[in-house]
Amino acid sequence: MKKDIDYSIIWKYFNTSLSTSEEKELSDWLDADIKHLQHFEKLKEKQKQIPHTDSNISNSDIAWQNIRLTPKHPKRHFWKIGVAASILLIVGVYSGYKLHIEKANKIISAENIQIEPGVKKATLVLNSGQKLELESKKDTLIKEAEVTIENSNSELNYKKNENEKTPKRAKEIQYNTLIVPRGGEYDLVLSDGTEVKINSESILRYPVVFEKGKRNVELIGEAFFHVKTDSLRPFVVTSAEHQVKVYGTSFNVKSYKNDDYIATTLVSGKVTVSSDKKDAAEQLLKPGYQSIYKRESAEFEQKQVDIKEFTAWKDGRFYFRNMPLEEITQILARWYDVDFKFKNKTVKNLTFNGNLKRYDNIQLILNQLGKTNEITFYAYDQIIYVD
């Protein structure tokens, strides 16, 4: 942790400009301790009060004294006297120099943090590579040889052109990809009638029209599937080396790249889970159970769960049941498109229970979490700190 800083860097922040390395040093120092942030804010306020007259030396004295702290170890900072003298000389040369002060990013307490929840938004990438930005209030219509793609009321719907002659299928399957960013979610209806709700920071790749005999899609992130029943064509969701195979059922798959596991939670019907890494037999999953696939060991484990904890997000709720704070902040970060940093590492493993509204401002969520009095939240420079 950086406890000290060359205060000429702070002076340069207010008066000239910083090099890349100096910007990093200042950022690290501010990030090291909340007291540094508080002191920095006080300096900004003092800079605004500096009078601008023709008295160069008096103004520079004020500026330097406002910035400089009394060092705890005078000998270590003795050399900075020369730096200060040089700065005073430079200031003296530029008569009447007016200090330029950037707009301050204030430290914001939890009760004043205003971050709106995610919205319906996504990017559709066509097989040609063309990208279309999908918005909740914007309708889009794309007509292909075999399907009509409609985007209306925040739902992307692939409808077969039943009344038109279907041309001979091209040898190469045509794929589309739906990319949902942080702070977003989107609904999708595939050409077979399967409904998919895609969570934040997720990608789904799928055929425009499914082949005979199989229905395969690829997922990175999280999605809830309500698969259209078809006993002749299994529906397979692939996430890296992990597969979920179904014929008609409802289930949730969570497969974010940074997670060391892939979780499949079954609501209704039956599914099997398997992996390409090992020649193990497919494992059958029953409703109300969850399969956990451990990426490193390529092993599966099953357990009975409260499915609301893993599917409530699709119904507009956060459902926490003995969930560690670190995992909660990961969920909030994706949905509210904000970053969290733990100043106090010991609180990461604190567990919480709750059933909260997913479409509330984050302020209400943080207030609920903070009621334990064991943790506090504050925001600075678009980051929420946990202490």
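Located above this text is the structure these notes cover.
Residues numbered from 1 in each chain as written. Predicted model: local features only at pLDDT ≥ 70, side-chain atom pairs only at ≥ 80, totals over all residues. Heavy atoms only, no water.

A. Structural view of helix α7 (residues 325-336). Under the 1.5 Å per step criterion, the end-to-end length of α7 is 16 Å for 12 residues, consistent within 8% with the ideal 16 Å. Within α7, burial applies to Leu325, Ile328, Thr329, Leu332, Ala333, Arg334, Trp335 and Tyr336. In the stretch just after α7, Asp337 is the one whose phi turns positive, near 55 degrees. (Helix = DSSP H or I, 4+ residues; strand = E, 2+ residues; numbered from the N terminus. Expected span 1.5 Å × (residues − 1). Buried < 20%, exposed > 50% of the residue type's maximum accessible area, 1.4 Å probe, protein only.)

B. Broad picture of the packing of aromatic side chains. All chains considered together, the criterion is met by 9 aromatic pairs. Centre to centre, the rings of Phe210 and Phe235 are 6.1 Å apart; their planes meet at 65 degrees, and the pair counts as edge-to-face. Of this pair, Phe210 sits in the loop between β10 (202-207) and β11 (215-226) while Phe235 sits in strand β12 (residues 235-239); the two residues are 25 residues apart in sequence, bridging distant segments of the chain. Joined through ring pairs, the aromatic side chains of Phe210, Phe225, Phe235 and Phe251 make up one cluster. The ring centre of Tyr175 lies 3.8 Å from the NZ or CZ of Arg205, which sits over that ring. (Phe/Tyr/Trp six-rings, centres within 6.5 Å; stacked < 30°, edge-to-face > 60°. Lys NZ or Arg CZ within 6 Å of the ring centre and 35° of its normal.)

C. Broad picture of the pattern of salt bridges. Scanning all chains against the criterion turns up 20 salt bridges. Across the salt bridge formed by Lys197 and Asp187, the nearest N and O atoms sit 3.1 Å from each other. On the criterion of sequence distance, the pair formed by Lys197 in strand β9 (residues 195-198) and Asp187 in strand β8 (residues 184-189) is long-range, its members being 10 residues apart. For the pair Lys197 and Asp187, a shared accessibility class is recorded, and that class is buried. A salt bridge links Arg233 to Asp230, with the nearest nitrogen and oxygen atoms 2.9 Å apart. (Salt bridge = Lys/Arg side-chain N within 4 Å of Asp/Glu carboxyl O.)

D. Just the environment of Leu134, in detail. Residue position: Leu134 is located in strand β3 (residues 131-135). Residue classification places Leu134 among the buried positions, given a relative accessible area of 2%. Separated by 14 residues in the primary sequence, Leu134 and Lys120 have C-alpha atoms spaced 8.3 Å apart. Setting aside anything within four residues of it in sequence, one finds Leu134 in contact with Lys120, Lys121, Ala122, Leu124, Thr140, Asn151, Leu156, Leu178 and Tyr186. (Contact = heavy atoms within 4.5 Å.)

Any functional reading would require information that these geometric values do not contain.
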